[in-house]
Amino acid sequence: MASRNIDPLSAEEPSEGREEERGAGGEWSWESQVPVKVLQAHSDAVTTARVCCDNRCILSCSSDCTAVLWDVESCQPLRTFDGVHSKAITECALIPNSNRMVTVSWDKKMVAWDLETGLTLWKSRQPGLLTSCSSSSDGRLVVCAVNPQNGISICDAASGQMLHHISDLHRSFITRCRFDPQSQRVATVSADRSIKLWDLRAQKTTVSIDSNHGNVVSACCFTSNGHFLCTASWDKTLKLWDLQAGGFRSHGGTPLQGGHEGSVSACCIAAADANLLVSASYDRTVALWDLSSLCQTLVLKGHSDWVTDVSVSADRKLVASSSKDGTVRLWDIENMEEIPEVMKKRNAEGAGIHILKCEECGKPFPVSRLLTSELLTQCVFCRLKSPPRYRPQPPPLT
């Protein structure tokens, strides 16, 4: 029998001999009680999974040096982006209001691609290994984390021209970089356990936070209004930071209750529902959180190795997760509120919710206490009806 090495960062080793029922394009996850589809084409660990193209496609990238655009309905690859990177692709970012994306890699290259044709638009050689990337909400800028320089490079999204390079932003390697929703600041988190906000107008760090996480801060994400930042850590926890009111200066971040059994690798807050946070972990699970109560509501099980990334669809119905097991999983959470486990937790929490009346349809809708500083006047359904911005169309399925 072949021996296996135990990975110190994993909560436990994947169980041997595990069998799953697989159907045409999907399977039912009985552990999590939600439908899940499994997408498998990569030959190595999948590092990123993004829902895109009006929730009809998934974009994934991998340590096998490729990125793949998938059709959600058929679970089949529409296009493979390869032949450019020579080392693992660590992350990809969709450029808003366009049909483009960027990928970054350990080969020190940031590359822009056309999603429809699969062609490369530009390549930008950076001075170090690239561990993360993000696009501004206006689609004008892209940023990447550069290590071991412990810095970031900000480039023009249309041409790849470098506009700013900031070295020694942190004392150790940067794990994640993210533009805020207003495209005014870049948040970075690091192995030095700190959080930095670099202001594009001032061209300097305007906020520096000692996170008090007990290990590497592995990821971060903003709420849709930019008032709050969530951080994830290898210490198995997540924290929420009030950037609008500046409450972190006196009492630090607010920890989320409950948690993972392994290091937390990624986090994402739904754009259409600021109450929904999703996290990924080396314990091989995806967790859903209610930010109004700061509690975990559901755990999705099925991956057989570390979960490396997670994202939520714009309509809040789908969660995509990527894993070291070489797969992308697409979880249907539309009816999760009907799951007995979720209903029980909702009844037990019963706090942190305000009821407002929608000025558009007149119906009552719940609002998290986290959003009291934002003047919300419409329910999520009416907000989703607002005129959509341009969304790239997926290439035809061949």
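In case you missed it, the structure is sitting above this.
Residues numbered from 1 in each chain as written. Predicted model: local features only at pLDDT ≥ 70, side-chain atom pairs only at ≥ 80, totals over all residues. Heavy atoms only, no water.

Caption draft 1: Expanded view of the side chain of S322. Mapped onto the elements of the fold, S322 is located in strand β28 (residues 318-323). For S322, a relative accessible area of 0% puts it in the buried group. A distance of 2.8 Å separates a polar atom in the side chain of S322 from a polar atom in the side chain of T308. Those residues in contact with S322 that lie beyond four places of it in its chain are V46, T47, T48, A49, H303, W306, V307, T308, D309 and T327. (Helix = DSSP H or I, 4+ residues; strand = E, 2+ residues; numbered from the N terminus. Buried < 20%, exposed > 50% of the residue type's maximum accessible area, 1.4 Å probe, protein only. Polar contact = N/O pair within 3.5 Å; in protein donor to acceptor, adjacent residues only side chain to side chain. Contact = heavy atoms within 4.5 Å.)

Caption draft 2: Highlighting the environment of E334. If you trace the backbone, E334 turns up in the loop between β29 (327-332) and α2 (340-349). E334 sits 15 residues away from V319 along the chain, and the two C-alpha atoms are 9.7 Å apart.

Caption draft 3: Summary view of the sheet that holds strand β20 (residues 228-233). On the basis of which strands lie adjacent, the open sheet formed by four strands has the order β19-β20-β21-β22 and antiparallel pairing. In this open sheet, the two edge strands, each paired with only one partner strand, are β19 (217-222) and β22 (254-255). Pairing of β19 with β20 involves five bridges; the strand directions are antiparallel. Residue pairing for β20: A219 is matched across the bridge by A232. (Pairing = 2+ DSSP bridges.)

Caption draft 4: View of the sheet that holds strand β12 (residues 141-147). Within the open sheet, the four strands sit side by side as β11-β12-β13-β14. Their pairing is antiparallel. Each edge of the sheet is formed by a strand with only one pairing partner; in this case those strands are β11 (129-135) and β14 (162-166). Mean inter-strand twist for the sheet, computed between neighbouring axes without regard to direction, equals 20 degrees. Strand direction decides the pairing type here: β11 and β12, joined by six bridges, are antiparallel. When the sheet's bridge partners are listed, C133 is paired in β12 with C144. (Axes fitted to C-alpha atoms, helices over the stretch in contact; angles between N-to-C directions.)

Caption draft 5: Molecular detail of unusual backbone geometry. P148 follows N147 through a cis peptide bond whose omega is 15 degrees. Tracing the backbone through its elements, the reader meets P148 in the loop between β12 and β13 (151-156). Despite not being glycine, N150 shows a phi value in the positive range, around 55 degrees. Along the chain, N150 falls in the loop between β12 and β13. You can call N150 buried: its relative accessible area is 10%.

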